Amino acid sequence: MSTEVDASPASFEASYVHTVYSHIASDFSRTRHTRWPFVQDFLSALPAGSVVLDAGCGNGKYLGWRNVLTVERESTGWESGKGKAKASDSIVEERNIVTVGFDMSEGLLGIAAGKGNECVRGDCFDMSCWRRGSFDHAISIATIHHFATPARRLESVKQLILSVLPPFPSSSTSTTSHLATILIVVWALEQDPALAGAGSARKGKKGALPVDASLGGEESADGEQDVFVPWELQAPRVKKVRPPPPTKKTRGGPPVVSPDFSTPSAAPPTAESPTAHREVASLDLHHNNLTHPTILSALRPLLRTMSTAATSKLTLYNSPLSGWGNRVTWALEEVGAKYDYYHIDLQSKPSFYVSKVNPSGLVPVLQLGDSLEDSPKIPESGVITQYIAEAFPEAKLLTGDLVKDAHGRYFAERTVQTLWAGIIQVAVQKNVDYAPKWFADLVELDRHLARYPGKFLLGDELTLGDILAGPFFARPFAFAKAGLLTTAGAGEVLLNDPRFENLRAYNDLITSRPGFKVAFDESLIVEFWRKKLGFAK
């Protein structure tokens, strides 16, 4: 028997995760009272003053450990797991970190907040409510497997990384770097009984049902897919009252009660998550242990960025007159990067530029680090902007759809080959015969621009293709408005021909972006070309 699923992953989760946890919150919380020792050890090892995100905090059993915000002490809060501390030798932890809880379940958050914890409601698939790098460290305990598809689980891991990934680049000149750590724990279809205890495998759980593969559920080696594990409402546990210990007489004194230092062991959870889960990888970035090759491959760019972002400084060697350079400045502005701008006079380059920055002498070049001699340097606008898009994934300059992103790059190439080539032919060489071909090229660009619905090139959000095309797309319109495209009436056609209404609207859209205005100094560029083309002002 399998579940019948006819819904998007998000609506599927709304029905089978969010609604379910809303219904079982109090009952579920009653079985989630014991901290796992290795999670507590992770929190105990964090430096004082750390700000920690608990993504998928549930009832907040990990929020109280060392948290300066928590009202209740450990004696009235959560218990330590088996093999840890008992009542007689309990650990009195020093409260010197701040932990913030994040979860979708209002019921569970209410329980967590009732103990004085700071809690925020939201979906771990989209943690854009936090600025990038808002936290020093993060944990995600038994949460990610609730997402319905592998792609959504992967995105939740990326969101975790971004929550602790410092803004790139750091403006700090300190030589010390902050090492962010993340602990991720997910359920697996099969578990090592030595770690999870006998009977913890999900595969054999009573009532477990496969999840419809059409939703994107993964299959195990023996063909089974992600599974539902039903939640069975529990009757409240009644604590047994122990009989009073025997008394013994002491010669010459009152009876003495024998001290009892034992504590009833904490009841282990007896049921598991009500939703689909079969993620076989437990990602522990704290120990740099990534055991799932698919996820490792997908996360490698983010992990590389995470290792260098805290100590890198950006310097852009550029000229505002270069369309290629305008691309890079715009990209840096769009992602909110902090960078130093070193102006390169294209007619009189500084002596060090060719020998120490770019042997070709071309701009732009992006330098990563403080050292002119030793810091890595990236030339070529297309390469630099791709690097920026990957280093700042939260800016979403790449859609994640390889075909769409390829179409974006192709549009940029055609913009340079048609719009900018037409400027050279029509404006510079005053080639009247080229004008009809240029107009035909504009019609072609309009068809490419209409490929995807939305106001920008690939949809309703700005992407890398827009940035690559924009500076070369805007130049002909700027020249036309300035009266520099007089050959064959090209300027009038560009500004007034009904065929190019969509092109004009797109140009108005991209040129209105604040980042574009920083990168594209229209008056400076127009004045340079006015003189170059021999127009009197």
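The model shown is predicted, which means the values in this text are computed figures rather than measured ones.

Caption draft 1: Representation of the overall build of the protein within the structure. Helix and strand counts for the protein stand at 16 helices and 15 strands. Across the 537 residues in the protein, those meeting the buried criterion constitute 48%. Put simply, of all contacts in the protein between residues at least 6 apart along the chain, 72% involve residues at least 24 apart.

Caption draft 2: Summary view of the packing of aromatic side chains. One pass over the full model with this rule turns up 22 aromatic pairs. Judged by centre distance (5.0 Å) and plane angle (85°), the ring pair of W130 and F135 falls under edge-to-face. F135 matches W130 in its accessibility class, with the two residues each being buried. A centroid spacing of 5.9 Å and a plane angle of 85° characterise the contact between F528 and W529, whose relative ring orientation is edge-to-face. F528 gets classed as partly exposed once you look at its relative accessible area, which sits at 31%.

Caption draft 3: Broad picture of the pairing of strand β12 (residues 314-318). The element β12 is largely enclosed, with a buried count of 5 among its 5 residues. Two elements, β12 and strand β13 (residues 339-343), share 5 bridges in a ladder whose sense is parallel. Bridging from a neighbouring strand, T315 pairs with D340 of β13. In the classification by handedness, the crossover that spans β12, the intervening helix α7 (residues 323-335) and the parallel β13 is right-handed.

Caption draft 4: Summary view of the sheet that holds strand β4 (residues 98-103). The parallel open sheet is built from 5 strands, whose spatial order is β5-β4-β2-β6-β7. One side of each edge strand has no neighbouring strand; the edge strands of this open sheet are β5 (118-121) and β7 (181-185). For this sheet the average axis-to-axis angle between neighbouring strands, irrespective of direction, equals 15°. Against the sheet, helix α2 (residues 37-44) makes contact with β2 (51-55), β6 (137-141) and β7, and its axis sits at roughly 170° relative to β7, the strand it touches most. Each of β2, β6 and β7 touches helix α4 (residues 150-164); the most contacted strand, β6, lies at about 155° to it.

Caption draft 5: Just the layout of surface pockets, in detail. Approximately 1,400 Å³ is the volume found for the second largest pocket. Lining the second largest pocket we find 43 residues, and of these P393, E394, K396, L398 and T399 sit closest to its centre. Mapped by element, the contributors of at least two residues to the lining of the second largest pocket are α4, α6 (293-308), α7, α9 (381-391) and α10 (402-428). In terms of residue count, α4 provides more of the lining of the second largest pocket than any other element does, 8 residues in total. For the lining of the second largest pocket, a count of residues per class yields 18 nonpolar, 8 polar and 17 charged.

Caption draft 6: Structural context of the sheet that holds strand β15 (residues 377-379). Reading across from one edge, β13-β12-β14-β15 is the order of the 4 strands in this open sheet, with mixed pairing throughout. What marks the edges here is a single partner per strand, and that holds for β13 and β15. In this sheet, adjacent strand axes meet at a mean angle of 20° when their direction is disregarded. Sitting on the sheet, α7 is in contact with β12, β13 and β14 (365-368), with an inclination near 155° to β12. Contacts from α9 reach β14 and β15, with the element oriented near 125° to β15.

Caption draft 7: Representation of the nonpolar core. In this structure, L332, I388, W438, F479 and L485 are the most contacted members of the largest nonpolar core, which totals 65 residues. Residues within four places of L332 in sequence aside, it is in contact with L314, L316, A337, Y339, L366 and I388. In terms of nonpolar packing, the next biggest core, distinct from the first, is built from 19 residues, F147, I161, A180 and V186 among them.

Caption draft 8: Representation of the side chain of R414. Its place among the elements puts R414 in helix α10. We classify R414 as buried; its relative accessible area is 16%. Side-chain polar atoms of R414 contact the side chain of E444, separated by 2.7 Å. When residues no more than four places from it in sequence are discounted, the contact partners of R414 are L419, D441, E444 and L445.

Caption draft 9: Spotlight on the pattern of salt bridges. Enumeration over the complete set of coordinates arrives at 12 salt bridges. With its nearest N and O atoms 2.8 Å apart, the salt bridge here joins E334 to R513. Here the residue E334 occupies a position in helix α7, and R513 occupies one in the loop between α14 (501-511) and α15 (514-519), the gap between them amounting to 179 residues. Note that D497 is salt-bridged to R499, the shortest N-O span being 2.9 Å. D497 gets classed as buried once you look at its relative accessible area, which sits at 18%. In this structure, a network of salt bridges that share partners links the residues K313, D340 and D370.

Here is what the cut-offs are and how they apply
Residues numbered from 1 in each chain as written. Predicted model: local features only at pLDDT ≥ 70, side-chain atom pairs only at ≥ 80, totals over all residues. Heavy atoms only, no water. Helix = DSSP H or I, 4+ residues; strand = E, 2+ residues; numbered from the N terminus. Buried < 20%, exposed > 50% of the residue type's maximum accessible area, 1.4 Å probe, protein only. Contact = heavy atoms within 4.5 Å. Phe/Tyr/Trp six-rings, centres within 6.5 Å; stacked < 30°, edge-to-face > 60°. Pairing = 2+ DSSP bridges. Right-handed = clockwise from strand over helix to strand, strands pointing away. Axes fitted to C-alpha atoms, helices over the stretch in contact; angles between N-to-C directions. 1 Å grid on protein atoms, 1.4 Å probe; cavity = no way out; pocket = protein on both sides within 12 Å on 5 of 7 lines; lining within 4 Å. Points joined across faces, edges and corners; volume = space filled by probe spheres on them. Nonpolar A, V, L, I, M, F, W, Y, C, P; charged D, E, K, R; others polar. Core = buried A, V, L, I, M, F, W, Y, C linked by side-chain atoms within 4.5 Å. Polar contact = N/O pair within 3.5 Å; in protein donor to acceptor, adjacent residues only side chain to side chain. Salt bridge = Lys/Arg side-chain N within 4 Å of Asp/Glu carboxyl O.

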